[in-house]
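Below are the chains, spelled out letter by letter.
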Amino acid sequence: MTTLAGSQLLYKGPDWDFDLIRRVHDACGEIGIGEMGLDPYPNQIEVITVEQMLDAYASTGMPLFYRHWSFGKEFARNEALYRKGYQGLAYEIVINSNPCLVYIMEENSATMQTLVIAHAGYGHSHFFKNNYVFKQWTDADGILDYLEFARNFIAKCEDRYGQEEVERMLDAAHALQSHGVHRFPRKRMADLRSEQKREEERRLHGEQLFNDLWRTVPVGKRKRNKDEDERRKALLGLPEENLLYFLEKTAPRLAPWQREILRVVRLINQYFYPQRQTKVMNEGCATYVHHRIMNRLHEKGQIDDGAFLEFIHSHTSVVMQPGFDDRRYGGINPYALGFAMCCDIERVCNEPTDEDREWMPDIAGSGDAYGALRDIWANYRDESFVSQYMSPRVIRDFGLFRIVDDEEQEEMNVAAIHDERGYRKIRRALSKHYDIAYRDPDIQIVDVDLAGDRKLILTHRVMDGIVLEEKDAEKVLQHVADLWGYDVKLVEQDDSGNVRAEHSASPRRPFM
Amino acid sequence: MHIIDRRLNPGGKSFANRQRFLRRARAQVRKAVREASSSRSIKDAGKGGEISIPTGGVHEPHLHRSREGGVRDYVLPGNKKYIEGDTIPRPEQGGGQGSQASDSGEGEDEFRFALSDEEYLDLYLEDLELPDLAKRQVAGAKAVLWRQAGYSVSGPPSRISVPRTLRHSMSRRIALKRPKADEINALRAEIEKLEREGGHFDELQTLRTQLEQYLARSKRIPYIDPVDVRYRRLESNPKPIARAVMFCLMDVSGSMNEHMKDLAKRFYSLLYLFLNRRYEHVDVVFIRHTHEAQEVDEQTFFYSRETGGTVVSTALFKMAEIVRDRYPVDQWNIYAAQASDGDNTSSDNAVVLAQLKDVILPICQYYAYVEVGMDDEDDHPGAGEPSTNLWRAYRRVAVDAPFAMRKVRHRRDIYPVFRELFARRPEGVAAEGG
């Protein structure tokens, strides 16, 4: 392939080989790291076939995963869609690990491989390594080892306790997985030494303040009951919103291996939690990066016009946003929104208008677009990103408008459009859409009747008058009851204390 | 940066998950398969294909908000004409707005996916078997049973018997007085001790020589010698297998119209598929008859056309003849399936009956008669007996004989009837006559 010497072109035509991938990777690196200042993980590029891509789809993109029928279902669904041509396959899958795994398909043309390497190997990889949510919640070095452990552990359980039992356990754990993440870093349990030290300090303090007089002060009647309640709750760590965590640690009748399975599901889910919070930013970052890199490659004469046109074609279809009344409309396209916002930030940095100076005084006209973007990619997630950096310009370009659909009104109401009065409202509303804490129902375990029949009590904080989907809620509650081993009750309550609905379940086939 | 080519990795990573999924949805998938197959053409009877099952059984519940009620808030792109304060009528369904488009399969009634040929057939032919497959024979060299039979001095490395080998090695080591590792170590320690304490030179010298001898000896006498190695030996035993032959008798006379022939052929193609797949050692003999019977090959049986009068007994005679020539009754399990529209030359009925009762049934393990009829006939299964020549004649066959008869009028009946005829039943219970 050195026949291209003389010209600077990296390749010609659609064919690719491993040598070319290497050259492309290095050329992208020159731009990505050299010019844009990205800081990605080292990449490991793996070439796979269509079938392997479908396999990867089925196990949420991970190269290895434990076995469960739901992944088989996912596989069957994707395969059917793909075969009938309803759904194309992604050009790549990228795994947040160190080194960053980038899967590329053998069918891709040379241009597509270049695009994919720029997109995943530099865009996503940079984002994974630098964004604070990922830093806080995921361990990129350890994830593959953990998945390996999980797979082996679950296979071993299947051998020992039977496929059916393990499957039942996984079903129950999967049903609760959306409520199996820690949203905040937890207080660490104090270890013995620091506990001792604190005790010492407390005693010293008590000694210093000792005054025998206090003993003579009459004490009122103690509110015995309330104390008891609080003590119990504190002991159990209630209220607790991480249902899986609570059941893993507290459910009275589970066997150790069952607790471990809950833990496996919980930890894997925790690993994916940041991805759910940063869909727009992650894709925006990757799309912006590949757009930049491809443009620069073209400017430097490293890819020819044909390749560039092929890139433009695929890029535009990725960032297309159909309107709400379009048949193709399926929600706001995170690629489109993310890319538009990143480009807009670049514009604000380089050629701000008066409006931009007013809306984003920090970065307007700073001239360092890459610096500003890197900072944003590192320190925000979708919710905060939208609420900070969505400019009126983007709202206008997208023609965003907000609709309020109140059950009690005859018709839906247009609450805000892209005008002076609407910008902030739309921005706030959209930001709320990307707030996972708002999107997922707020469900907590609030109490256990330890003295009585050990009934577990959960509450759902009803917002905007929307209760839980009943059938699903009851099925999930059944799983909770089986895990807990005793009765459970779920109360749906709104902020003013009205009970909107109540579900309860008794264990049918408790795990033990 | 590394590039790894994974394309050659073994595929089928999702296989185990897929099997689990199919097992989970087994009942529904089976039902769907049976429904799907009634409308297929003969050639496709055994092909895989797309089926859809209700989502109920494979639904994965999770806690989420209801799609109805309450105050909802959407942000949508592509505003062209609305201004603040406008009202818009609600779209028909709650899910009309894309922002809440289904992402979890929620709201779908059907789950569609494709089954491979293999999976399809497995489900399709599940629980079917030839009744009373009793006569087992040692036949051919194909079926062998491997049995553990002692040890041998040669064999593949995978079959090395470690305990045996070590036992031999130990006895040899003891017999040849190979110094043990402990002894050598003790000697070494002693020498070291003497060296450190400056012991007697002679004593040290003796010990050193002894150590040298020990080392030399243990070098000469290996820990494991090729003569020690033993392999677990396998012996092959011929395994008795059940040999079976299936006679397919089909009426192709003029009275059979296209519809009936189609039904009969469907029945046989199902039978053929079933036998081919389930039994390795089943011969199939195709006999078609008009006023005379012919043994034909599969291709001719299914695809060629023939016409003429109807004399059913010819087929039975032909069958008896073939059995006499090629399938000794004491070695073969003999089955027969007959399809006809029930027409017969009236003078032939008595002959048929006699032949069946006296010759065929005594040698048969099982005899199934399928009568094909027209779609539009008003009597339907259960409502009344068909009253064709042959049906009436066969009615007289003793109930306790291994004989079953069914009527088929429509494509969709074929599979159920086939299942009834070949369903797996508890030991010893014969199919009752229709």
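On a predicted model such as this, the values are computed, not experimentally measured, just so you know.

Participant: Quick one: what's the story with the overall build of chain A, residue by residue and with numbers?
Facilitator: If you tally the helices and strands in chain A, you get 22 helices and nine strands. Taken along the three principal axes of its C-alpha coordinates, chain A extends 95 × 60 × 60 Å. Each of the 512 residues in chain A was classed as buried or not, and the buried ones make up 54%. Long-range contacts, defined as pairs at least 24 residues apart, comprise 72% of the intrachain contacts of chain A with a sequence gap of at least 6. If you sum the accessible surface of chain A, you get close to 24700 Å²; carbon and sulfur atoms cover 48% of it. When the 67 basic and 85 acidic side-chain charges of chain A are each reduced to a single mean position, those positions are 6 Å apart.

Participant: Any chance you could break down the overall build of chain B for me, citing the residues and the numbers?
Facilitator: Counting its regular elements, chain B contains 12 helices and 15 strands. Per-residue burial for chain B yields a buried fraction of 44% across its 434 residues. As displayed, chain B offers around 23000 Å² of accessible surface, 50% of which is attributable to carbon and sulfur atoms.

Participant: Account for the packing of aromatic side chains, with residues named and values stated.
Facilitator: Residue and element names in this part refer to chain B. Evaluated as defined, the whole model comprises 26 aromatic pairs over all chains. For the ring pair Phe267 and Tyr268, a centre distance of 5.6 Å and an interplane angle of 70° mean the geometry is edge-to-face. Relative accessible area serves as the criterion here: at 0%, Tyr268 is assigned to the buried category. Within the aromatic cluster, the residues linked to one another by ring pairs are Tyr367, Tyr369, Trp391, Tyr394 and Phe403.

Participant: Break down a nonpolar patch on the surface for me, with residues and values.
Facilitator: A surface patch of nonpolar side chains, about 410 Å² in accessible area, is lined by Ile160(B), Val162(B), Leu166(B), Tyr223(B) and Ile224(B). Positionally, Leu166(B) belongs in helix 4 (residues 162–175).

Participant: Requested: an account of the sheet that holds strand 1 (residues 43–48) of chain A, with residues and values cited.
Facilitator: Spatially, the four strands line up as an open sheet ordered 2(A)-3(A)-1(A)-1(B), and their pairing is mixed. Two strands in the sheet have a free side with no partner beyond their single neighbour: strand 2 (92–95) of chain A together with strand 1 (2–5) of chain B. Recorded for the sheet is a direction-independent mean angle of 20° between the axes of neighbouring strands. Pairing analysis gives four bridges linking strand 1 of chain A to strand 1 of chain B, with the strands arranged parallel. Among the inter-strand pairings, Gln44(A) is bridged to a residue of strand 1 of chain B, identified as His2(B).

Participant: If you had to explain helix 6 (residues 201–220) of chain B to someone new, which residues and values would you point to?
Facilitator: All names here are of chain B. Taking 1.5 Å per residue, 20 residues should reach 28 Å; helix 6 reaches 28 Å between its end C-alpha atoms and fits that length. Among all positions of helix 6, only Leu204, Leu207, Leu211 and Ser218 are buried. Here the buried residues of helix 6 occupy an arc of 65° about the axis, which is enough to place them on one side. Exposed side chains of helix 6 directed beyond 90 degrees from the buried face belong to Phe201, Thr206, Glu212, Gln213 and Arg220. Check the buried side of helix 6 and you find it contacts helix 5 (181–197).

Participant: So what's going on with the pattern of salt bridges? Which residues, and what values?
Facilitator: Counted by the stated rule, this structure contains 46 salt bridges over all chains. Between Glu158(A) and Arg20(B) there is a salt bridge, and its shortest N-O distance comes to 2.6 Å. Taken together, the positions of Glu158(A) in helix 6 (residues 143–161) and Arg20(B) in helix 1 (residues 15–24) put the pair across two chains. Across the pair Asp442(A) and Arg461(A) runs a salt bridge whose closest N-O atoms are separated by 3.4 Å. Taken as a pair, Asp442(A) in strand 6 (residues 442–448) and Arg461(A) in strand 7 (residues 456–462) lie far apart in primary sequence, 19 residues in all.

Participant: Explain the interface of chain A and chain B to me, and be specific about the residues and the numbers.
Facilitator: With 95 residues of chain A at the contact, the number on the chain B side is 60 residues. Regarding the contact of chain A and chain B, the summed buried area is about 7400 Å², with carbon and sulfur atoms giving 53% of it. When the buried surface of chain A facing chain B is broken down by residue, Trp69(A), Met412(A) and Ile466(A) rank first, second and third, together holding 10% of it. Taken together, the links from chain A to chain B amount to 13 salt bridges. As a salt-bridge pair, Asp73(B) and Arg402(A) come within 2.6 Å of each other at their nearest N and O atoms.

Participant: Break down the sheet that holds strand 11 (residues 282–289) of chain B for me, with residues and values.
Facilitator: All names here are of chain B. Taken together, the six strands give an open sheet; going across it, the order is 12-11-10-13-14-15, and neighbouring strands pair in mixed fashion. Each edge of the open sheet is held by one strand with a lone partner, namely strand 12 (293–296) and strand 15 (403–408). Across the sheet, the mean angle separating the axes of adjacent strands is 20° when strand polarity is ignored. Taken together, the eight bridges between strand 10 (residues 244–251) and strand 11 define a ladder with parallel strand orientation. Looking at the pairing, Asp251 lines up with His289 of strand 11. In this fold helix 9 (residues 312–326) packs onto strand 10, strand 11, strand 12, strand 13 (333–340) and strand 14 (366–372), with an angle of close to 150° to the strand it touches most, strand 11. Across the sheet, helix 10 (residues 349–363) touches strand 13, strand 14 and strand 15, and the angle it forms with strand 14 is around 115°.

Participant: Describe in detail the environment of Met390(A), supporting the description with residues and values.
Facilitator: Residue and element names in this part refer to chain A. With respect to the helices and strands, Met390 occurs in the loop between helix 18 (382–389) and helix 19 (392–398). In this structure, the C-alpha to C-alpha distance between Met390 and Lys425, residues 35 residues apart in sequence, is 12 Å. Those residues in contact with Met390 that lie beyond four places of it in its chain are Leu337, Met341, Met360, Phe385, Ile395, Leu400, Arg427 and Leu430.

Participant: I'd like a description of the confidence of the model for chain A, backed by residues and values.
Facilitator: Summing up the model confidence of chain A, the mean pLDDT is 86 and the portion of residues at 70 or higher is 95%. Under a pLDDT of 50 for its full length, residues 1–5 of chain A has, in the predicted model, eight contacts with residues more than four places off or in other chains.

Participant: Could you give an account of the packing of helix 2 (residues 50–58) of chain A against helix 3 (residues 69–84) of chain A, with specific residues and numbers?
Facilitator: The relative placement of two packed helices is expressed as an angle between their axes plus a distance between the axes. Residues and elements named next belong to chain A. Contact geometry for helix 2 and helix 3: axes closest at 8 Å, N-to-C directions at 135°. Between helix 2 and helix 3, the angle is such that the two are oblique. As helix 2 runs across helix 3, the sense of the crossing is right-handed. Across from Val50, Glu51, Leu54, Asp55, Tyr57 and Ala58 in helix 2, the residues of helix 3 making contact are Phe71, Glu74, Phe75, Asn78, Glu79 and Tyr82. For the contact of helix 2 with helix 3, the class distribution of residues is seven nonpolar, one polar and four charged.

Participant: Go over the state of the cysteines, please, and point to the residues and values.
Facilitator: Residue and element names in this part refer to chain A. Scanning all chains against the criterion turns up zero disulfides over all chains. Free cysteine: Cys28, not disulfide-bonded; nearest cysteine sulfur from Cys100 at 14 Å. Relative accessible area serves as the criterion here: at 0%, Cys28 is assigned to the buried category. Considering cysteine sulfurs only, Cys285 is the nearest to Cys100, which forms no disulfide, with 12 Å between them.

Participant: So what about the nonpolar core? Which residues, and what values?
Facilitator: Residues and elements named next belong to chain A. Residues Leu337 and Trp377 are the most contacted members of the largest nonpolar core, which totals 88 residues. No other element matches helix 4 (residues 110–130), which puts 10 residues into this core. When neighbours within four sequence positions are excluded, Trp377 is seen to be in contact with Leu38, His126, Phe127, Asn131, Met281, Cys285, Tyr288, Val289 and Cys342. Membership of the second largest hydrophobic core comes to 60 residues, among which are Ile48, Ile154, Leu238 and Val488.

Participant: How would you summarise the pairing of strand 5 (residues 412–416) of chain A if you had to cite specific residues and measurements?
Facilitator: Of all five residues that make up strand 5 of chain A, four are buried, and the element is covered over most of its length. In sequence, strand 4 (residues 401–406) of chain A turns back onto strand 5 of chain A through a hairpin of five residues. Looking at chain direction, strand 5 of chain A and strand 4 (residues 87–88) of chain B are connected through two bridges and run antiparallel. By the bridge assignment, Asn413(A) is partnered in strand 4 of chain B with Thr87(B).

Participant: With reference to specific residues and values, describe the side chain of Ser313(B).
Facilitator: Residue and element names in this part refer to chain B. Relative to the elements of secondary structure, Ser313 occurs in helix 9. At a separation of 2.5 Å, a polar atom in the side chain of Ser313 contacts the side chain of Asp348. Not counting the four nearest positions on each side in its chain, Ser313 is found in contact with Asp348, Val351 and Val352.

Participant: Describe the environment of Leu9(A), and please don't skip the residues or the numbers.
Facilitator: Here Leu9(A) shows up in the segment before helix 1 (18–35). When the C-alpha atoms of Leu9(A) and Glu469(A) are compared, they prove to be 57 Å apart, with 460 residues separating the residues in sequence.

Calculation notes
Residues numbered from 1 in each chain as written. Chains lettered and ligands numbered in written order. Predicted model: local features only at pLDDT ≥ 70, side-chain atom pairs only at ≥ 80, totals over all residues. Heavy atoms only, no water. Helix = DSSP H or I, 4+ residues; strand = E, 2+ residues; numbered from the N terminus. Buried < 20%, exposed > 50% of the residue type's maximum accessible area, 1.4 Å probe, protein only. Contact = heavy atoms within 4.5 Å. Areas by Shrake-Rupley, 256 points an atom, 1.4 Å probe, with all protein chains shown as cover. Lys, Arg positive; Asp, Glu negative; His and termini not counted. Charge placed at Lys NZ, Arg CZ, Asp CG, Glu CD. Phe/Tyr/Trp six-rings, centres within 6.5 Å; stacked < 30°, edge-to-face > 60°. Patch = residues over 30% accessible without salt bridge, like charges linked within 9 Å, V, L, I, M, F, W, Y side chains within 5 Å. Salt bridge = Lys/Arg side-chain N within 4 Å of Asp/Glu carboxyl O. Pairing = 2+ DSSP bridges. Axes fitted to C-alpha atoms, helices over the stretch in contact; angles between N-to-C directions. Expected span 1.5 Å × (residues − 1). Arc of directions from axis to C-beta. Buried area = accessible area lost by both parts, 1.4 Å probe. pLDDT = per-residue confidence, 0-100. Parallel < 35°, antiparallel > 145°, perpendicular 65-115°, else oblique. Left-handed = near helix turned anticlockwise from the far one by under 90°. Nonpolar A, V, L, I, M, F, W, Y, C, P; charged D, E, K, R; others polar. Disulfide = S-S within 2.5 Å. Core = buried A, V, L, I, M, F, W, Y, C linked by side-chain atoms within 4.5 Å. Polar contact = N/O pair within 3.5 Å; in protein donor to acceptor, adjacent residues only side chain to side chain.

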